[in-house]
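The lines below spell out each chain.
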Amino acid sequence: MVKPMGLAKLIRWNAGAGIALALAVIVIGMAVFFQFAEERREARAGKIAITGGGFLYNYRIGEIRYGINFHILQPMPIGTRLRVTFENPAGGDPLVVTRSLGSDTNRVSVESPAVSGLKLGEAYQVQIDLRDRDSDAIMEQLATTYQVTVDPGLVPDKPLTVGPGYRLNPQ
């Protein structure tokens, strides 16, 4: 014969089991949600992201260059190449810079050679290709534009300084 349980004892037992069951459901639900959110982030994020860039004005040496910064979001095999193609403001062939990535690289900065012919208010294109080290196949492509917001005429035609000590240019 089963011994009847008192009402107070039954309520205490059900409350404890109910709390444990609720906590288990919450923990399982959170694990499923975070796994789903991580998969969506990885699918959306890609392999690289542009974190900044624009035109770099160096008045001391009289040059303007493109500069662009990247964050590597996923580990890359050593030798993976980042190929950045800058529109040439002076016309002619685009300016191409290739950077090889290492296994410990997670932030990369790329600068173009010096440019000329920039026009205030004009936007210039930049194309980024992440290329496989073996096949040279494109793994990911990004594109952006940079607009000239500072008058390029502010940069002198000749360097103001020469040498490592920033001595005045004798010319």
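Notes on the structure follow. (Residues numbered from 1 in each chain as written. Predicted model: local features only at pLDDT ≥ 70, side-chain atom pairs only at ≥ 80, totals over all residues. Heavy atoms only, no water.)

Overview of the environment of threonine 51
So, point 1. Position of threonine 51 among the secondary structure elements: in strand E1 (residues 48–58).
So, point 2. Sequence separation of threonine 51 and asparagine 69 is 18 residues, and the distance between their C-alpha atoms is 5.5 Å.
So, point 3. Discounting residues that sit within four places of it in the chain, threonine 51 has contacts with Asn69, Phe70 and His71. (Helix = DSSP H or I, 4+ residues; strand = E, 2+ residues; numbered from the N terminus. Contact = heavy atoms within 4.5 Å.)

Some words on the nonpolar core
So, point 1. With 25 residues, the main nonpolar core has Ile68, Leu82, Val84, Phe86 and Val110 as its most contacted residues.
So, point 2. Broken down by secondary-structure element, the contributors of at least two residues to this core are E1, strand E2 (63–72), strand E3 (81–86), strand E4 (95–100), strand E5 (107–111) and strand E6 (123–131).
So, point 3. Setting aside residues up to four positions removed in sequence, leucine 82 forms contacts with Ile48, Phe70, Val97, Thr98, Arg99, Leu101, Val108, Val110, Ile128, Asp129 and Leu130. (Core = buried A, V, L, I, M, F, W, Y, C linked by side-chain atoms within 4.5 Å. Buried < 20%, exposed > 50% of the residue type's maximum accessible area, 1.4 Å probe, protein only.)

Here we look at the sheet that holds E4
So, point 1. Read from one edge to the other, the open sheet built from 4 strands follows the order E4-E3-E6-E7, with strand pairing classed as antiparallel. Strand pairing shows two members of the sheet lacking a second neighbour, E4 and strand E7 (138–147), which therefore form its edges. Shown here is a sheet whose adjacent strand axes are inclined to one another by a mean of 15°, direction ignored.
So, point 2. Two strands pair when backbone bridges link them, and E3 and E6 are joined in this way by 6 bridges, in the antiparallel orientation. (Pairing = 2+ DSSP bridges. Axes fitted to C-alpha atoms, helices over the stretch in contact; angles between N-to-C directions.)

Focus: the pattern of salt bridges
So, point 1. Scanning the entire structure with this criterion turns up 5 salt bridges.
So, point 2. Residues aspartate 129 and arginine 131 are paired through a salt bridge, measuring 3.4 Å at the closest nitrogen-oxygen approach.
So, point 3. The class for aspartate 129 is buried, based on a relative accessible area of 5%.
So, point 4. Accessibility expressed as a relative area gives 14% for arginine 131, which makes it buried. (Salt bridge = Lys/Arg side-chain N within 4 Å of Asp/Glu carboxyl O.)

What about the sheet that holds E5?
So, point 1. Taken together, the 3 strands give an open sheet; going across it, the order is E1-E2-E5, and neighbouring strands pair in antiparallel fashion. Of all the strands in the sheet, just E1 and E5 have a single pairing partner and so form its edges. Looking at each pair of strands side by side, their axes are set apart by 20° on average, direction ignored.
So, point 2. Sheet topology places E1 next to E2; 10 bridges connect them, and they run antiparallel. Within E2, the position partnered with isoleucine 48 by the bridge is isoleucine 72.

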